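Here's the letter readout for the chains.
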Amino acid sequence: MYPNANLLCVEPKNFTPSKREEVLGKIRDENYDGIIMAYSCFEQIPVSKDYYIEELNGLKEKIEKLAKDSKKATAKLQKKKETLSKKLSDLVISLDTEETVYFDELGITRLFVDEAHNFKNVPIETKVDKVLGISSDGSKKCRIMLDKVKIVQKQNDGGGVIMATGTPITNSITDAYIFQNYLQSGTLALLDLQSFDSWIGMFAERKTEFEIDVDTNSYRLATRFSKFHNLTELTVML
């Protein structure tokens, strides 16, 4: 379709450890119209620790600002501040001395993620517990995808990312929050819905019911988000 396009196709066979730095150097230094890359290769591109330090410092400043408000200065907030401080000190101590090309140095202006539903398992920070469909840990590949999405958005005025999927919501309404967190974090912040708990407070309610267990021989009590509010507004936003 685009015979004159300057494209680079990256497959696992040409992205082995011995070839990786050369390929990443070409992506950084040469003027490609597009790079088509296998998921397994994309996951092997590291994000710099400088980026993580900057992000953690920004988060720490927000928490310190909240802690100055006597109404919001909770023990949980103090514990979070201490956890962030430890993460920061650990990162500084473990700074890489090895020469490598990081994702945030590649100058990516648009990121297209096909089959984006494969990256929904990002960690969710919430006070809600024992609700099916919520993961507080997430998976490493999804956490890294979220980081890379934020890097591209940061370099492109909040845009530049396209996530393609035919199944954006499969198991839980939390999937909608995940995609909004990927692509509409600025909009959520403007509406003060950036935290999962405030988002759920606006759009869903928990309900606990008996359901057939996975072994199909018994019943279990299961808590899910099954009652919804303001779906017209959520649909418009999505």
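Residues numbered from 1 in each chain as written. Predicted model: local features only at pLDDT ≥ 70, side-chain atom pairs only at ≥ 80, totals over all residues. Heavy atoms only, no water.

Participant: So what exactly am I meant to see when it comes to helix α8 (residues 196-203) here?
Facilitator: What sets the pattern is the α-helix's 3.6 residues per turn: residues three or four places apart point alike. The set of residues buried in α8 consists of F196, W199, I200 and F203. For α8, the angular spread of the buried residues around the axis is 95°, confining them to a single face. The secondary structure elements touched by the buried residues of α8 are α6 (174-183), α7 (185-190), β5 (204-212), β6 (219-228) and α9 (231-237). (Buried < 20%, exposed > 50% of the residue type's maximum accessible area, 1.4 Å probe, protein only. Helix = DSSP H or I, 4+ residues; strand = E, 2+ residues; numbered from the N terminus. Arc of directions from axis to C-beta. Contact = heavy atoms within 4.5 Å.)

Participant: What exactly am I supposed to notice about the pattern of salt bridges here?
Facilitator: As a working rule, side chains carrying opposite charge can pair if their charged atoms are close by. In the structure shown here, the tally under the stated rule is 5 salt bridges. Across the salt bridge formed by K154 and E54, the nearest N and O atoms sit 2.8 Å from each other. Separated by 100 residues along the polypeptide, K154 in helix α5 (residues 140-155) and E54 in helix α3 (residues 49-67) bring together distant segments of the chain. For E54, a relative accessible area of 47% translates into the label partly exposed. Across the pair E209 and K207 runs a salt bridge, and its minimum N-O distance is 3.6 Å. (Salt bridge = Lys/Arg side-chain N within 4 Å of Asp/Glu carboxyl O.)

Participant: What is the right way to look at the side chain of Q180 in this model?
Facilitator: Considering the arrangement of structural elements, one finds Q180 in helix α6. A residue is classified by how much of its surface remains accessible, and Q180, at 0% relative accessible area, is buried. Side-chain polar atoms of Q180 contact the side chain of W199, separated by 2.8 Å. The residues contacting Q180, other than those within four sequence positions of it, are S185, L188, W199, L234, M237 and L238. (Polar contact = N/O pair within 3.5 Å; in protein donor to acceptor, adjacent residues only side chain to side chain.)

Participant: I would appreciate a short explanation of α6 in the present structure.
Facilitator: Taken across its 10 residues, α6 has 9 buried, putting it largely inside the fold. Along α6, the residues classified as buried are T174, D175, A176, Y177, I178, F179, Q180, N181 and Y182. On the buried face of α6, the contacting elements are α5, β4 (161-163), α7, α8, β6 and α9.

Participant: Just checking my understanding: could you explain the pairing of β6 for this structure?
Facilitator: Note on strand geometry: in a regular strand, side chains alternate between the two faces of the sheet. Judged from the 9 bridges that link them, β5 and β6 form a sheet pairing that is antiparallel. Across the sheet, E209 pairs through a bridge with A222, a residue of β6. In sequence, β5 turns back onto β6 through a hairpin of 6 residues, with T216 there showing a positive phi of about 65°. (Pairing = 2+ DSSP bridges.)

Participant: Can you help me understand the pairing of strand β2 (residues 34-37) in this one?
Facilitator: Across 4 bridges, strand β1 (residues 7-10) lies against β2 in parallel orientation. Paired with V10 across the bridge in β2 is M37. Handedness of the β1-helix α1 (residues 17-29)-β2 crossover: right-handed. (Right-handed = clockwise from strand over helix to strand, strands pointing away.)

Participant: Would you mind going over the state of the cysteines with me for this structure?
Facilitator: Here a disulfide denotes a covalent bond joining the sulfur atom of one cysteine to the sulfur atom of another. Taken as a whole and judged by the stated rule, the model has 0 disulfides. Among the cysteines around C41, which has no disulfide bond, C9 carries the closest sulfur, lying 11 Å off. Residue classification places C41 among the buried positions, given a relative accessible area of 1%. As a non-bridged cysteine, C142 has C41 as the owner of its nearest cysteine sulfur, 17 Å distant. On the accessibility criterion, C142 (1% relative accessible area) is buried. (Disulfide = S-S within 2.5 Å.)

Purely spatial values, then, with no claim about function.
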